[in-house]
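Observations on the model geometry
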Amino acid sequence: MNVHTEGAAQRPRLEPTRCAICRIENEADEIYAASLPPDALTPATFSARRLPDRTHHRLVRCRRCGLVRSDPIVDQESMLALYRASTFAYEHELDGLKATYARALRRLSGLVPSREGLLDVGCGNGFVLELALDLGWRGVRGVEPSQDAIAHAPARVAPMIESGFLQRGMFAPASFDAVTLFQVLDHLADPGAVLCEIRRLLRPGGVILALNHNVDAWSARVLRERSPIFDIEHTYLYSPETMRRLFSQAGFDVISVKPVRNTYSIGYLVHLAPLPHGPKASFLPRLKQSKIGQIMLTLPLGNLCLLGRRSA
Ligand SMILES: [Zn+2]
């Protein structure tokens, strides 16, 4: 299926969601109503790190456990087609992302002396795979749906990347000592099922790392609906508590859930800032290319990192 070219018969379907922790559809309160222009369901809105445009489905919070989710979301088949056709347009932000993710990857690597078998789910152009190789990991693999991101993978890691969403059967059970999800957990339609599959792929004692947004962070509390985390690409949004519960349920002993600092250029911070879209789109390219725009800052902006171990 191609969302780009096919007509109304192939339009994405919106489907109701249930809490990934409590597994129930009801008993949730609306936080924000939908903000969805008619042309929202295109590969452009599913492209990583696009200019925030306040496009999102209705957002609700589970009354039982507090987990925040989009309700509805697009059907799985359409979601895969949208991500497959999405573009890779954050090459100029790779230095900051590498600095942020390398700090987390070093912590993970300290827990796994063998460094044999690391899978990065949603690996983009494979820059985390390169970091892992530099840290001495062997048997490094990635999975990524965006064809454009895979096309931008450096030759050193391109053969290590599988195309698509992580599927059962893609890798043999107990193949990895570590699995990482950098800004991926927020995007999954069924995070519980993906975590169960990851548990199967890990060897006994294997370690999982997930780095994503914190829905309880100061930035989300201050900006409220203007926070870029309330976005059509995000199916679920986690707090330290809901992350801990989800991973425990999926068979992981949670080692830690901590806020992390992000390294971003000033240009990218302005990219994320809740400024009027039109003026921002016009001056941002010049700012990003200027000396000031390229200054790097490391700040606690509202991301969380969970480390867990496959329980016995
Ligand atoms: Zn719940």
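Structural data are supplied above this passage.
Here the structure is a predicted model, which means the values were calculated and not measured.

Here we take up the overall build of the protein chain. The number of helices and strands found in the protein chain is 9 helices and 13 strands. Taken over C-alpha atoms, the radius of gyration comes to 19 Å for the protein chain, in line with the 20 Å a tight globule of 312 residues would show. Expressed along its principal axes, the backbone C-alpha trace of the protein chain runs to roughly 50 × 50 × 40 Å. A total of 312 residues make up the protein chain; the buried ones form 43% of that total. In the protein chain, once contacts between residues fewer than 6 apart in sequence are set aside, the share between residues at least 24 apart is 78%.

Moving on, we get to the sheet that holds strand β4 (residues 68-70). The strand order β2-β3-β4-β11 describes an open sheet built from 4 strands, whose pairing is antiparallel. Of all strands in the sheet, those bounded by a partner on one side alone are β2 (28-32) and β11 (236-237). Pairing of β2 with strand β3 (residues 59-62) involves 4 bridges; the strand directions are antiparallel. Following the sheet pairing, Y32 is matched in β3 by L59.

Turning to helix α1 (residues 76-84), its buried residues number three or more, namely S78, M79, A81, L82, Y83 and R84. Of the surrounding elements, those touching the buried residues of α1 are β5 (73-74) and α4 (147-151).

The next thing to look at is the sheet that holds strand β13 (residues 296-310). One open sheet accounts for 7 strands, arranged β8-β7-β6-β9-β10-β13-β12; its pairing is mixed. Among the strands making up the open sheet, the edge pair consists of β8 (161-163) and β12 (252-265). Put simply, the sheet's adjacent strands are angled 20 degrees from each other on average, direction ignored. This element, helix α2 (residues 94-110), spans β9 (176-182), β10 (202-213), β12 and β13 of the sheet and lies at about 155 degrees to β12.

On to the environment of W218. You can see W218 is positioned in helix α6 (residues 218-223). Residue W218 is classed as exposed on the basis of its C-beta count, with 12 C-beta atoms lying within 10 Å. As for W218 and G302, which are separated by 84 residues in sequence, their C-alpha atoms are 6.8 Å apart.

Right, let's talk about the packing of α2 against helix α3 (residues 127-134) for a bit. One way to put it is that α2 packs onto α3 with a least axis distance of 10 Å and a crossing angle of 50 degrees. It follows that α2 is oblique to α3 by the angle criterion. For the pair α2 and α3, the sense of crossing is right-handed. Between α2 and α3, the contacting residues are L94, L97, K98, Y101, A102 and L105 on the first element and F127, V128, L131 and A132 on the second.

Our next topic: the nonpolar core. Y101, V128, A132, V179, I208, L209 and L306 are the most contacted members of the largest nonpolar core, which has 69 residues in total. When residues of this core are assigned to their parent elements, the largest contribution, 6 residues, is made by β10. Apart from the residues within four sequence positions on either side, L306 is in contact with A210, M243, F247, V254 and V257.

On to α3, then. Within α3, burial applies to F127, V128, L129, L131 and A132. Where α3 is buried, its residues touch α2, β6 (116-121), β7 (138-144) and β9. Residue G136 follows α3 closely and has a positive phi angle near 95 degrees.

With an omega of 10 degrees, the peptide bond running from D71 to P72 counts as cis. Here P72 is to be found in the loop between β4 and β5. One non-glycine residue with positive phi stands out, namely R23, at about 60 degrees. Mapped onto the elements of the fold, R23 is located in the loop between β1 (14-15) and β2. Despite not being glycine, A174 shows a phi value in the positive range, around 55 degrees. Within the secondary structure, A174 is located in the loop between β8 and β9.

Among the 12 residues of β10, 9 are classified as buried, and the element is accordingly described as predominantly covered. Pairing analysis gives 6 bridges linking β9 to β10, with the strands arranged parallel. Opposite L181, over in β10, you have A210 as the bridge partner. Taken together, β9, helix α5 (residues 191-201) and β10 form a β-α-β motif whose crossover is right-handed. Pairing analysis gives 7 bridges linking β10 to β13, with the strands arranged antiparallel.

Thresholds applied
Each residue is numbered by its place in its chain's sequence as written, counting from 1. Totals for whole chains, interfaces and linings use all residues, but because this is a predicted model, local features are given only for residues with pLDDT of at least 70 and pairs of side-chain atoms are given and counted only at 80 or more. A run of H or I in DSSP counts as a helix once it spans at least four residues, and a run of E counts as a strand once it spans at least two, with each numbered from the N terminus. Each radius of gyration reported is based on C-alpha atoms, and the globular scaling rule is 2.2 Å times the count of residues to the power 0.38. Once C-beta atoms are placed from the backbone, each residue is buried if 20 or more other C-beta atoms lie within 10 Å of its own, exposed if 12 or fewer, and partly exposed for counts between those two. Contact between residues is assigned whenever the C-beta positions, reconstructed from backbone atoms, fall within 7 Å. Note on pairing: two strands pair once DSSP finds at least 2 bridges between them. The axes are straight lines fitted to the C-alpha atoms, using for helices just the contacting stretch, and the angles between their N-to-C directions are given from 0 to 180°. For classification purposes, an angle smaller than 35 degrees is called roughly parallel, one larger than 145 roughly antiparallel, one from 65 to 115 roughly perpendicular, and anything else oblique. Left-handed describes a crossing whose near helix is turned anticlockwise from the far helix by less than a right angle; the clockwise case is right-handed. When buried Ala, Val, Leu, Ile, Met, Phe, Trp, Tyr and Cys residues are joined through C-beta atoms within 7 Å, the set is termed a nonpolar core. We call a crossover right-handed when, viewed with the strands running away from us, the connection from the first strand over the helix to the second turns clockwise.

Keep in mind that these numbers describe shape and distance, not what the molecule does.
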